[in-house]
Amino acid sequence: MCANVFGVLKSLFGKPFDGGKRMEHGGQQQQQQQQPMATEQPSQYPPQHPAMMRLYEVHREMTALGPQVCTFSGLPDDRDYKRLERELTRLLLEVDRVDTEGKAELQGARKRAAQEVEGLLRYLEENARHPSRLAMEEVSEEARRLVERRVVAPQRQGGAADIDDELVEALQRLVLRLTQVKTEGRVPLRKARYRALTRLCAVQDVLEGRTPQQTLSLPLAGETHVAVNCINQVMAKVSVARSQLVALLMGLSGRDSCAHLSRLLMEMQVELDALDVSGNGAVRNYRKQVVEEINGLLKHLDLEGEGEDTRRYDLAQNDSIREIEAVRAHVRHLRQGVLCQRGPGETTFRPKAELQGLLTHLDQVDTAKNPCIREARRRAVVEVQAVVTFLDLREALACRRPGPEEHPAHRDVWSVLASLSELQARALGFDGKRADKSYVVLEELLTTQLLALDAVDPRGDDGAKGARKQAVKFAQNILNYLDMKTDEWEY
């Protein structure tokens, strides 16, 4: 990514400082460090020239900072942002202080070095202040307020967390909003969205398991076994730890840390392991359940470095996404074959069974509870279903044999369906943007068919009412499909 950024800087600023190539070709770094800066003419100044040596030193420092800038995913008030901004500003001042002795070649080299530093500064600021980054923070802040009010504050006041289906559903809506934030393919934005989603999904997972009960239950009486009271005490600690974990994930932890909570949970495990529950199956199972509760919390405590690995936040490298993309590519091939058929009566190409098989395949794709992967799979399912419904309608139109006694409303609905079939073919083949004139025309034509259905008078016939309702739903599905194809969603 850093190499790509410097490539962009080259195109923006023209002829770059020679060290920029070292960012792109790490294996040749030592050799290039021994070379003077590239110029239009052979350099009059050897690498040992004080000005050139200082510029090389600045570039070495900038090369070390470059990867950090290129992957920084925070906000302007973050400590790392201020540190990077301070270091880059210092380098810019260092470049400005280089004495060029009034020589044009040295001035050009200093100017290029300054441009590279300024480019990194701009890249850092653009990502930290990008509208998408601010949108992510807005959703995260809304989630923090919700969790603070319903979970963390009640627990800190000695009460029980207010966990119910309404809270879980509210968190799910926030997760969906995060998945819809555009990243423009920028690593810092993709990384920030991935980290926010990971934490919010972890909170959702922790809370979903406690929806039926506000605190851990105490299923066995103390007199059942001498170890029961100790297990009950650990369970009470686990309930408190759950709220602490949620606070940590949402940035509401105060002085707590993941390492501290991890130590507490592991101490609870050691305490449980030391209990002698031999000979009593009920107590042994009870202890096992508590250990599983603790393990469930521990698995969420490794999020400090979450998103640092490119393969984790770069979903294009995810195996499930690759499966989904392979299905989509196959659907595009089948769709093209369907659209190439001349008319409703042509029966040489029948891919419905194959399409149904693709739906089954998509249903088996592992989403790992990742909302972006779930959304990618949902969209792939919609693409398959759009082709299936198109084939179903075309076959129904081909087999239609209206009789003289057909109700006028039925005839009107079928007439609209025939028009919708043609419009759906255009929607399936559409490959443009919402700003395109063809999109606007297609949307208007679909709206016109909806108005035509609204004007159909069923005259009290229940069958006609049902047919009109299904036709309206069909038209709306086409509009939704067209909208999905052009909303520029990304994973």
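Calculation rules
Residues numbered from 1 in each chain as written. Predicted model: local features only at pLDDT ≥ 70, side-chain atom pairs only at ≥ 80, totals over all residues. Heavy atoms only, no water. Helix = DSSP H or I, 4+ residues; strand = E, 2+ residues; numbered from the N terminus. Buried < 20%, exposed > 50% of the residue type's maximum accessible area, 1.4 Å probe, protein only. Contact = heavy atoms within 4.5 Å. Areas by Shrake-Rupley, 256 points an atom, 1.4 Å probe, with all protein chains shown as cover. Core = buried A, V, L, I, M, F, W, Y, C linked by side-chain atoms within 4.5 Å. Axes fitted to C-alpha atoms, helices over the stretch in contact; angles between N-to-C directions. Parallel < 35°, antiparallel > 145°, perpendicular 65-115°, else oblique. Left-handed = near helix turned anticlockwise from the far one by under 90°. Nonpolar A, V, L, I, M, F, W, Y, C, P; charged D, E, K, R; others polar. Phe/Tyr/Trp six-rings, centres within 6.5 Å; stacked < 30°, edge-to-face > 60°. Polar contact = N/O pair within 3.5 Å; in protein donor to acceptor, adjacent residues only side chain to side chain. Salt bridge = Lys/Arg side-chain N within 4 Å of Asp/Glu carboxyl O. pLDDT = per-residue confidence, 0-100.

Overview of the overall build of the chain
Helix and strand counts for the chain come out as 19 helices and zero strands. For the chain, the residues scored as buried account for 45% of the 491 residues in total. The contacts in the chain between residues at least 6 apart in sequence include a share of 73% that link residues at least 24 apart. Surface exposure of the chain reaches about 25500 Å², of which carbon and sulfur atoms provide 49%.

Quick look at the side chain of Thr183
Note on placement: Thr183 falls in the loop between helix 8 (165-179) and helix 9 (187-208). Setting aside residues up to four positions removed in sequence, Thr183 forms contacts with Met136, Leu189, Arg190, Arg193 and Glu490.

Concerning the nonpolar core
Core analysis: the largest hydrophobic core is formed by 103 residues, its most contacted members being Val147, Leu171, Val290 and Leu420. With 12 residues, the top contributor of residues to this core is helix 10 (residues 228-249). In contact with Val147, not counting residues within four places along its chain, are Val152, Leu171, Val203, Val246, Met250 and Leu252. One finds Leu88, Leu91, Val98 and Leu124 within the second-largest nonpolar core, a separate group that totals 26 residues.

Some points on the packing of helix 11 (residues 258-273) against helix 12 (residues 281-298)
In contact at an axis separation of 10 Å, helix 11 and helix 12 are set at 165° when each is read in the N-to-C sense. On the basis of the axis angle, helix 11 is roughly antiparallel to helix 12. Handedness of the crossing formed by helix 11 with helix 12: left-handed. Taking contact as the criterion, the partners of Ser262, Leu265, Met266, Met268, Gln269, Leu272 and Asp273 in helix 11 are, on helix 12, Arg287, Val290, Val291, Ile294, Asn295, Leu297 and Leu298. Among the residues making up the contact of helix 11 with helix 12, the classes are represented as nine nonpolar, three polar and two charged.

Here we look at the environment of Glu94
Locating Glu94 in the fold gives a position in helix 5 (residues 79-96). Accessibility expressed as a relative area gives 19% for Glu94, which makes it buried. Taking the C-alpha atoms as reference, Glu94 lies 7.4 Å from Val58; in sequence the two are 36 residues apart. Discounting chain neighbours no more than four positions away, the residues touching Glu94 are Arg54 and Val58.

Quick look at the packing of aromatic side chains
Tallied over the full model, the rule gives two aromatic pairs. Both rings, one in Phe72 and one in Tyr81, keep their centres 5.9 Å apart while their planes meet at 45°; by these two values the pair is tilted. As far as the burial class goes, Phe72 and Tyr81 line up, both buried. Ring geometry for Phe430 versus Tyr439: centroids 5.9 Å apart, planes at 50°, classification tilted. Taking the relative accessible area as the measure of exposure, Tyr439 reaches 6% and is therefore buried.

Side note on unusual backbone geometry
Of note in the backbone geometry, Glu101 takes a positive phi value of approximately 55° without being a glycine. The residue Glu101 is located in the loop between helix 5 and helix 6 (104-128) in this model. For Arg459, which is not a glycine, the phi torsion comes out positive at approximately 55°. Along the polypeptide, Arg459 turns up in the loop between helix 18 (437-454) and helix 19 (462-485).

Looking at the environment of Arg54
Relative to the assigned elements, Arg54 resides in helix 4 (residues 50-71). Assessed through its relative accessible area of 25%, Arg54 is described here as partly exposed. Separated by 41 residues in sequence, Arg54 and Val95 place their C-alpha atoms 8.0 Å apart. For Arg54, the contacting residues outside a window of four places in its chain are Glu61, Glu94 and Val98. Here the side chain of Arg54 touches Glu94 through a polar contact of 3.1 Å, side chain to side chain.

Considerations on the pattern of salt bridges
One pass over the structure, following the stated rule, counts 27 salt bridges. Glu395 is the salt-bridge partner of Lys352, the closest N and O atoms lying 3.9 Å from each other. With Lys352 in helix 15 (residues 352-363) and Glu395 in helix 16 (residues 371-399), this pair connects stretches of sequence that are 43 residues apart. We note a salt bridge from Arg379 to Asp487, for which the minimum N-O separation is 2.6 Å. Highlighted residues: Arg379 in helix 16 and Asp487 in the segment after helix 19, separated in sequence by 108 residues.

Re the confidence of the model for the chain
Counting all residues, the mean pLDDT for the chain is 80, and 82% of those residues have values of 70 or more. Here residues 3-43 scores under 50 on pLDDT; set against residues more than four positions off or in separate chains, the count is 67 contacts. Note on residues 211-218: pLDDT under 50 across the span, and 23 contacts to partners over four residues away in sequence or across chains.

Quick word on the packing of helix 7 (residues 131-156) against helix 9
Direction vectors running N to C along helix 7 and helix 9 enclose 20°, while the axes themselves pass 10 Å from each other. As the angle between them shows, helix 7 and helix 9 are arranged roughly parallel. Between helix 7 and helix 9 lies a crossing whose hand is left-handed. Here Ser132, Arg133, Met136, Ser140, Ala143, Val147 and Val151 of helix 7 lie close against helix 9, whose contacting residues are Leu189, Ala192, Arg193, Ala196, Leu200, Val203 and Leu207. Residues that form the contact of helix 7 with helix 9 fall into these classes: 10 nonpolar, two polar and two charged.

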